Amino acid sequence: MPNIENNITLVTARVNQAAIAAGRSPDEILLLAVSKTRSAEDIRSAINAGIREFGENYLQEAVEKIAQLAAENVQWHFIGPIQSNKTRLVAENFRWAHSVDRLKIAQRLSEQRPSGLPPLNICLQVNIDNEASKSGFATEETEAAALAIVQLPGLKLRGLMAIPRAEPTYDQQIVAFRALADLRDRINQSLDNSEKLDTLSMGMSSDLEAAISQGSTIVRVGTDIFGKRT
Ligand SMILES: *Cc1c(COP(=O)(O)O)cnc(C)c1O
């Protein structure tokens, strides 16, 4: 039985220590608890330990848990692949979507965002290592996509997200994270002050220290909070 409360204490300490090592304030970094495949009961344990933001990958499962936990004061982030026929569920149920990987998906999310809700915060997923198996914008097409998507009324373009190839050492891990941060800086040179990207969604259980060293503002942690997924 993983002890979720204890795990959150340990992960929070890692985040804080990595921030301080990088000369950053721990307050700049959101610990997003990735609760895919976990029960509402496990999520309640994390809420009791102070977590307020959760990441989900599978829409049907997520929507059920969002309904079960509707009385809790928590925010939901969609981080899984978004099919174009499922955009409405994302637009209606989440505060954030990190995995926007096509212009068409962004357009649909913008059109379908209910007018009573604030704009949906989004990140563009970037295929930072150019892997055939991964989705995301190619590095060289991301800026043009950002300049188009920043105009869409139902959305607030916040930043970039990546899932780099797993690397065994810190020195190898930082390469892709630095590339994503550099890309964010380049795109910001083309955006107005009010539009500048303030978010880098990067770093998971095994590489959050390297991600924070390169400017991550959201680390997405599943395994090291909830235990190994079966
Ligand atoms: C599952 C998942 C995570 C969490 O990964 P862990 O290694 O369990 O921390 C983070 N981001 C995305 C996009 C995921 O699908």
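The text that follows walks through the structure, step by step, so that each part is easy to find. (Residues numbered from 1 in each chain as written. Predicted model: local features only at pLDDT ≥ 70, side-chain atom pairs only at ≥ 80, totals over all residues. Heavy atoms only, no water.)

1. Examining the site of the ligand
And step 1. Around the ligand sit Val34, Lys36, Asn57, Ile79, Ile163, Met204, Ser205, Arg220, Val221, Gly222, Thr223 and Arg229, and that is every residue in its neighbourhood.
And step 2. Here a nitrogen atom of the ligand sits 2.9 Å away from a polar atom, N or O, in the side chain of Arg220.
And step 3. One of the side-chain N or O atoms of Thr223 is found 2.5 Å from an oxygen atom in the ligand.
And step 4. Burial of the ligand by the protein chains amounts to 90% of its free accessible area of 390 Å².
And step 5. Partitioning the shell around the ligand into residue classes produces 5 nonpolar, 4 polar and 3 charged. (Near = heavy atom within 4 Å. Polar contact = N/O pair within 3.5 Å; in protein donor to acceptor, adjacent residues only side chain to side chain. Areas by Shrake-Rupley, 256 points an atom, 1.4 Å probe, with all protein chains shown as cover. Nonpolar A, V, L, I, M, F, W, Y, C, P; charged D, E, K, R; others polar.)

2. Some details on the pattern of salt bridges
And step 1. Evaluation of the coordinates by the stated rule reveals 11 salt bridges.
And step 2. Glu56 is the partner of Lys65 in a salt bridge, and the nearest nitrogen-oxygen pair spans 2.9 Å. We note that Lys65, like Glu56, is buried.
And step 3. Two residues, Asp198 and Arg158, come together in a salt bridge whose shortest N-O distance is 3.0 Å. Highlighted residues: Asp198 in the loop between α7 (170–189) and β7 (199–201) and Arg158 in strand β6 (residues 155–161), separated in sequence by 40 residues.
And step 4. The class of Asp198 is partly exposed, set by a relative accessible area of 41%. (Salt bridge = Lys/Arg side-chain N within 4 Å of Asp/Glu carboxyl O. Buried < 20%, exposed > 50% of the residue type's maximum accessible area, 1.4 Å probe, protein only. Helix = DSSP H or I, 4+ residues; strand = E, 2+ residues; numbered from the N terminus.)

3. A closer look at the pairing of β6
And step 1. With 5 of its 7 residues buried, β6 lies for the most part within the structure.
And step 2. Direction of pairing for strand β5 (residues 120–125) relative to β6: parallel, over a ladder of 6 bridges. Within the sheet, the bridge partner assigned to Cys123 lies in β6 and is Gly159.
And step 3. Since β5 and β6 lie parallel, the crossover through helix α6 (residues 139–149) that links them has a hand, and here it is right-handed.
And step 4. Where β6 and β7 come together, 3 bridges link them in parallel fashion. If you follow Met161 over to β7, its bridge partner there is Ser201. (Pairing = 2+ DSSP bridges. Right-handed = clockwise from strand over helix to strand, strands pointing away.)

4. Brief notes about the packing of aromatic side chains
Two numbers describe a pair of aromatic rings. These are the distance of the centres and the angle of the planes.
And step 1. One pass over the structure, following the stated rule, counts 2 aromatic pairs.
And step 2. Geometrically, the ring pair formed by Phe54 and Trp76 is tilted, given 5.6 Å between the ring centres and 35° between the ring planes. Remark: Trp76 occurs in strand β3 (residues 75–78) and Phe54 occurs in strand β2 (residues 53–56); sequence separation between them is 22 residues. Residues Phe54 and Trp76 agree in their burial class; the two are buried.
And step 3. When the ring of Phe78 is compared with that of Phe94, the centres are 5.3 Å apart and the planes differ by 70°; the resulting orientation is edge-to-face. On the criterion of sequence distance, the pair formed by Phe78 in strand β3 and Phe94 in the loop between α4 (87–93) and β4 (96–100) is long-range, its members being 16 residues apart. Here Phe78 matches Phe94 in class, with each residue buried. (Phe/Tyr/Trp six-rings, centres within 6.5 Å; stacked < 30°, edge-to-face > 60°.)

5. What to know about unusual backbone geometry
And step 1. The phi angle at Thr37 is positive, at roughly 70°, despite the residue not being glycine.
And step 2. With respect to the element layout, Thr37 can be found in the loop between β1 (30–34) and α2 (40–48).
And step 3. In this structure Thr37 comes out as partly exposed when scored by relative accessible area, which is 45%.
And step 4. Backbone geometry places Asn130, a non-glycine residue, at a positive phi of 55°.
And step 5. Looking at the secondary structure, you find Asn130 in the loop between β5 and α6.
And step 6. When its relative accessible area of 60% is taken as the criterion, Asn130 is described as exposed.

6. Describing the environment of Arg44
And step 1. If you trace the backbone, Arg44 turns up in helix α2.
And step 2. C-alpha separation for the pair Arg44 and Glu72, spaced 28 residues apart in sequence, amounts to 8.8 Å.
And step 3. Contact partners of Arg44, with chain neighbours within four places excluded, come to Gln68, Leu69 and Glu72. (Contact = heavy atoms within 4.5 Å.)

7. As for the packing of α6 against α7
And step 1. α7 packs onto α6 with a crossing angle of 35° between their chain directions and a minimal axis gap of 10 Å. α7 is crossed by α6, and the crossing has right-handed handedness. Seen from α6, the contacting residues are Thr139, Thr142, Glu143 and Ala146; seen from α7, they are Leu183, Arg186 and Ile187.
And step 2. For the contact of α6 with α7, the per-class residue count stands at 3 nonpolar, 2 polar and 2 charged. (Axes fitted to C-alpha atoms, helices over the stretch in contact; angles between N-to-C directions. Left-handed = near helix turned anticlockwise from the far one by under 90°.)

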